[in-house]
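Next come the chains, spelled out residue by residue.
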Amino acid sequence: MASIRRTLSPVYHDRPYENGGAPFSPSSMSSPSQKSSSKHSSSQFLSYLAKLSGATSDLKSSRRGGWRRPFYQFLAFFLLGFLLGMTPYGQMEDVNGTDRFSFEIKPPPNVEERKENSVDGVSFVAESETGKKEDFNIVPRKLVIVVTPTYNRAMQAYYLNRVAQTLRLVEPPVLWIVVEGNAASFETSEILRKTGVMYRHLVCKRNMTSIRDRGVHQRNTALEHIELHKLDGIVYFADDDNIYTLELFQSLRQISRFGTWPVAMLAPSKNKAILEGPVCNGSQVIGWHTNEKSKRLRRFHVDMSGFAFNSTILWDPKRWRRPFTHPTRQLDNLKEGFQETTFIEQVVADESDMEGVPPDCSRILNWHLHLDARDVPYPQGWTIQKNLEALITVK
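Residues numbered from 1 in each chain as written. Predicted model: local features only at pLDDT ≥ 70, side-chain atom pairs only at ≥ 80, totals over all residues. Heavy atoms only, no water.

By the naming in an unreviewed UniProt entry, the chain goes by Glycosyltransferases and is assigned to Microthlaspi erraticum. Of the chain, the UniProt comment under Sequence similarities (unreviewed entry) reads exactly: "Belongs to the glycosyltransferase 43 family." You can read under Cofactor (unreviewed entry) in the UniProt record for the chain the words "Mn(2+)". (UniProt positions renumbered as here; feature names shortened; annotations may be inferred.)

This is the structure we're talking about:
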């Protein structure tokens, strides 16, 4: 079969095409209406791009200038608050121009008045139901300093517990100074810890050759302690074998400088009681009473437990105008019974410096019985180490 071959016309190869399109392409084959619509859409697209670029430029300009308005608002409110804070609403004192720039440090008002005020008492004013004002004066109580020399013996625990039970009933403040010789014993320490009384346990380190010298040195150890620590109160020498009333310790706080009172003692024969101490007219000491002729040579007839004195005499002699400044101590080189009078002579000049306690010295406040049994064996610490021997058995 014969084939028919159609060749392309050379006219179509050399013909230019619009928009660079290929022959028979959709763009070249489009109609004139389609070409006008495409031109219109392209112009819309270009206008959209122009609007979009204008919007972005407006957005950027709005971002650049948007912080100024809140900043100015903040600044205005800050200045308004500052001016309101600096405005004085109260009264201001007129200050001189010379005092405004003065750097002088002035004390607060009423400082000198506060220094002059003493702490001797506190006053409270209360209004009753009837409308009347009542004053309540609270005066702090003086410290009572009780000095007790002691040593290990059969009746020591009984004596110390008896004194401790009396001191527990005394209104505070009370300080009990207990002095032992050579070393502090376990028995005494245990007793003091269980008494419930404020105490100080001291030891006298001096060599003591006799029982009489032992009490003197132990009291001097307590006096040194009071002087060293400047304890302010009323000092009273209370031996552990004496008997004391509660009224005695309550009366000690009434003493200003030196107080004394009569003491009941058991005679050496143990068959009668004797009295020794001051004779008073009110609170004034006008004489002395004693039953022992051998002691009438003493200047002051009083027992060791029959007087008390202000502790400031020991460490503040200028307050009491004492003529000498040596320490006030008891002497150990004297006959028995003269320690009291020689010590009192260091504290007072005469009876005018004394006070009778209680008024008229009409009551016996303590007893000195001399009932101690010496050199009696007793179990250490008053504890039974092993069972006792049963002398009577239970059948």
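Still to come is the rest of the account.
Examining the UniProt feature "site: Interaction with galactose moiety of substrate glycoprotein" (unreviewed entry) in the chain
As annotated in UniProt, the feature "site: Interaction with galactose moiety of substrate glycoprotein" (unreviewed entry) corresponds to Glu276 in the numbering used here. The topology assignment puts Glu276 in strand β10 (residues 273-281). Owing to a relative accessible area of 3%, Glu276 belongs among the buried residues under this scheme. (Helix = DSSP H or I, 4+ residues; strand = E, 2+ residues; numbered from the N terminus. Buried < 20%, exposed > 50% of the residue type's maximum accessible area, 1.4 Å probe, protein only.)

Notes on the nonpolar core
Counting residues in hydrophobic clusters, the biggest one holds 31 residues, and the most contacted among them are Ile177, Ile226, Phe237, Phe258, Phe307, Phe309 and Ile344. Look past the residues within four positions of Phe309 in its chain and what remains in contact with it is Leu223, Gly233, Ile234, Val235, Phe237, Arg257, Phe258, Leu314, Phe343 and Val347. Counting 30 residues, the second largest nonpolar core, distinct from the first, contains Val146, Val174, Val263 and Met265. (Core = buried A, V, L, I, M, F, W, Y, C linked by side-chain atoms within 4.5 Å. Contact = heavy atoms within 4.5 Å.)

Section: the packing of aromatic side chains
Evaluation of the coordinates by the stated rule reveals 14 aromatic pairs. Ring geometry for Tyr236 and Tyr244: centres 6.0 Å apart, planes at 85°, overall edge-to-face. Considered together, Tyr236 and Tyr244 belong to a single accessibility category, that of buried residues. Against the face of Tyr151 rests Arg153, its NZ or CZ located 4.2 Å from the ring centre. When the ring centre of Tyr151 is taken as origin, the NZ or CZ atom of Arg214, which lies over that ring, is 3.7 Å away. (Phe/Tyr/Trp six-rings, centres within 6.5 Å; stacked < 30°, edge-to-face > 60°. Lys NZ or Arg CZ within 6 Å of the ring centre and 35° of its normal.)

Considerations on the confidence of the model for the chain
Note: predicted coordinates in regions of low pLDDT should not be interpreted at a detailed level. Put simply, the chain has an average pLDDT of 77, and 65% of its residues get 70 or more. Scored below 50 in pLDDT, residues 1-36 shows ten contacts in the model against residues more than four places distant or in partner chains. pLDDT under 50 marks residues 111-119. Its contacts with residues more than four places away, or in other chains, come to two contacts. (pLDDT = per-residue confidence, 0-100.)

Describing the sheet that holds strand β13 (residues 355-356)
Strand order in the open sheet formed by seven strands is β5-β4-β3-β6-β12-β8-β13, and the pairing between neighbours is mixed. The open sheet has two edge strands with one neighbour each: β5 (199-204) and β13. In terms of strand pairing, strand β3 (residues 144-149) meets strand β4 (residues 174-181) through six bridges, oriented parallel. Counted as the bridge partner of Pro149 is Val179 from β4. Those strands touched by helix α8 (residues 186-193) are β4 and β5, and its axis lies near 165° from that of β5. Helix α12 (residues 339-347) contacts β6 (234-237), β8 (258-260) and β12 (307-310) of the sheet and is inclined by roughly 25° relative to β12. (Pairing = 2+ DSSP bridges. Axes fitted to C-alpha atoms, helices over the stretch in contact; angles between N-to-C directions.)

A closer look at helix α7 (residues 156-168)
Along its 13 residues, α7 runs 18 Å from first to last C-alpha, staying within 8% of the 18 Å computed at 1.5 Å per residue. Every buried residue of α7 is accounted for by Gln156, Ala157, Tyr159, Leu160, Val163, Ala164, Thr166 and Leu167. Packing partners of the buried residues in α7 comprise β3, β4, α8, β7 (243-244) and α10 (246-252). (Expected span 1.5 Å × (residues − 1).)

Considerations on unusual backbone geometry
Following Pro172, the chain continues into Pro173 via a peptide bond in cis, with omega recorded as 10°. When you line up the elements, Pro173 lands in the loop between α7 and β4. Unlike most non-glycine residues, Asp360 shows phi in positive territory, near 70°. Mapped onto the elements of the fold, Asp360 is located in the loop between β13 and β14 (366-368). The class for Asp360 is partly exposed, based on a relative accessible area of 43%. Residues other than glycine seldom take positive phi values, yet Cys361 does so here, at roughly 50°. Take Cys361: it is sitting in the loop between β13 and β14. On the basis of relative accessibility, which here comes to 10%, the residue Cys361 falls in the buried class.

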